[in-house]
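# Coordinate analysis (summary)
Spelled out from the first residue to the last, the chains are:
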Amino acid sequence: MKRFRPGVVPTLVVGLLLPLLISLGFWQLGRGAEKTALLASYAERRAAEPMASTELLHSADPAFRRVHLHGQFDAAHSLLLDNRQRNGKVGVELLQPFQDQRSGQWLLVNRGWLPWPDRRTAPQFTTPADAVNVDAWVYIAPGATFQLHADPVSSTWPQTVTAVEPAKLWKTLERDGFAYELRAEPGPASYQADWPVVAMGPEKHLGYAVQWFAMATALLGLYLYLGWHNAKEKHHGSGHESTQHV
């Protein structure tokens, strides 16, 4: 009777890799479900009418909520969020402090994307000098921004950064400001304001999950094949030796 003989090394490899591949597949499914819920919440709140700034400041869950602001930009303290791409072109997003006249609160408003094709010259932008009306929505990132190293401390403006940190800005400026970034909707004070909510959609996470599960299935199939194949060879080998002995 043939016995299953996979070998010690293949068993150890499969014992380590198979749970890892399966867990990665389920992790991708979980991420996809999170993105689906995130996009559903985004669509619902973006369809609502903009709320007043005073109402936003007292909201327990401000993510993706629209708000109507009236006030003035602080042109002296601009941030340029680096490594932003649109249609294959490199550029930056322009963020500026904005003081809302109704609430007196400072908010960090992302005015949109600017091209930056030549790194030898600074990106060109203008700032409205008078008070303006701005419709924007609160952006809360689904996870921490990956940075190889923290942005250096600088006293010169505008500052080029790789992550948006409103709390750090308000501390530097010694101001009481809103804790999250607001992304401006298209309007007179905006640049290119086509905002992707998530960098990777749920369908991509599902695709990656299928790949991980397929790799796990292939690994298990190969393991079973080798185990029975080795058993078959050992069975034939032992039968041949018995014949020679007779």
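Residues numbered from 1 in each chain as written. Predicted model: local features only at pLDDT ≥ 70, side-chain atom pairs only at ≥ 80, totals over all residues. Heavy atoms only, no water.

### Some thoughts on the packing of aromatic side chains
Put simply, the rule reads: Paired rings are identified among Phe, Tyr and Trp, the last through its six-membered ring, by centres lying within 6.5 Å, and are further divided according to the angle between planes into stacked (under 30 degrees), edge-to-face (over 60) and tilted (the rest). Labels follow the DSSP assignment, with helices taken as runs of H or I lasting at least four residues and strands as runs of E lasting at least two, numbered in each case from the N terminus. Type-normalised accessible area, obtained with a 1.4 Å probe on protein chains alone, sets the label of each residue: buried when under 20%, exposed when over 50%, and partly exposed for intermediate values. Placement of a positive charge over a ring is assigned whenever Lys NZ or Arg CZ falls within 6 Å of the ring centre and within 35 degrees of the normal to the ring plane.
Summed over all chains, the structure comprises five aromatic pairs. Geometrically, the ring pair formed by Phe-73 and Phe-98 is edge-to-face, given 4.8 Å between the ring centres and 75° between the ring planes. With Phe-73 in strand 2 (residues 66-73) and Phe-98 in strand 4 (residues 89-100), the pair connects residues that are 25 residues apart, well separated along the chain. The pair formed by Phe-73 and Phe-98 is uniform in burial state, with each residue classed as buried. Members of the aromatic cluster, joined through ring pairs, are Phe-64, Trp-137 and Tyr-139. The lysine or arginine in question, Arg-111, covers the ring of Phe-73, its NZ or CZ lying 5.1 Å from the ring centre. A cation over an aromatic ring shows up here: Arg-175 above the ring of Trp-106, its NZ or CZ 4.0 Å from the ring centre.

### A word on the nonpolar core
Operational definition: Joining through side-chain atoms within 4.5 Å is the link that ties buried Ala, Val, Leu, Ile, Met, Phe, Trp, Tyr and Cys residues into a set, and such a set is a nonpolar core.
Ranked by internal contacts, the top residues of the largest apolar core, which has 16 residues, are Leu-56, Leu-69, Phe-73, Phe-98, Val-109, Val-134 and Leu-182. Broken down by secondary-structure element, the contributors of at least two residues to this core are strand 2, strand 5 (106-115), strand 6 (132-139) and strand 8 (177-184). If one sorts the elements of this core by residue count, strand 6 sits on top with four residues.

### Examining the environment of Leu-107
What counts, and what does not: In this analysis, two residues are considered to be in contact whenever any of their non-hydrogen atoms come within 4.5 Å of each other.
Mapped onto the elements of the fold, Leu-107 is located in strand 5. Here Leu-107 is in contact with Leu-56, Leu-69, Gln-96, Pro-97, Phe-98, Asp-100, Trp-170, Phe-178 and Leu-182, once residues within four sequence places are set aside.

### Let's talk about the environment of Arg-84
Structurally, the position occupied by Arg-84 is in strand 3 (residues 79-86). For Arg-84 and Pro-115, which are 31 residues apart along the polypeptide, the C-alpha to C-alpha distance reads 8.9 Å. With residues near it in sequence (within four places) discarded, Arg-84 still touches Lys-89, Val-90, Gly-91, Val-92, Glu-93 and Trp-113.

### Remarks on the UniProt feature "transmembrane region" (unreviewed entry) in the protein chain
The test is simple: UniProt positions are given in the numbering used here, feature names are shortened, and annotations may be inferred rather than shown by experiment.
UniProt records the feature "transmembrane region" (unreviewed entry) for residues 206-226 in the present numbering. The span residues 206-226 is 100% helical and 0% strand by assignment, and the distance between its end C-alpha atoms comes to 30 Å.

### Notes on the pattern of salt bridges
Spelled out, the test is: Salt bridges are defined by distance alone: a side-chain nitrogen of Lys or Arg within 4 Å of a carboxyl oxygen of Asp or Glu.
All chains considered together, the criterion is met by eight salt bridges. A salt bridge links Arg-66 to Glu-185; the shortest N-O distance between them is 2.7 Å. Remark: Glu-185 occurs in the loop between strand 8 and helix 4 (202-245) and Arg-66 occurs in strand 2; sequence separation between them is 119 residues. As far as the burial class goes, Arg-66 and Glu-185 line up, both buried. One salt bridge in this structure joins Asp-194 and Arg-86, with 3.2 Å as the shortest N-O distance. One end of the pair, Asp-194, is in the loop between strand 8 and helix 4; the other, Arg-86, is in strand 3, with 108 residues separating them in the sequence. The structure contains a network of salt bridges with shared partners spanning Arg-86, Glu-93 and Asp-194.

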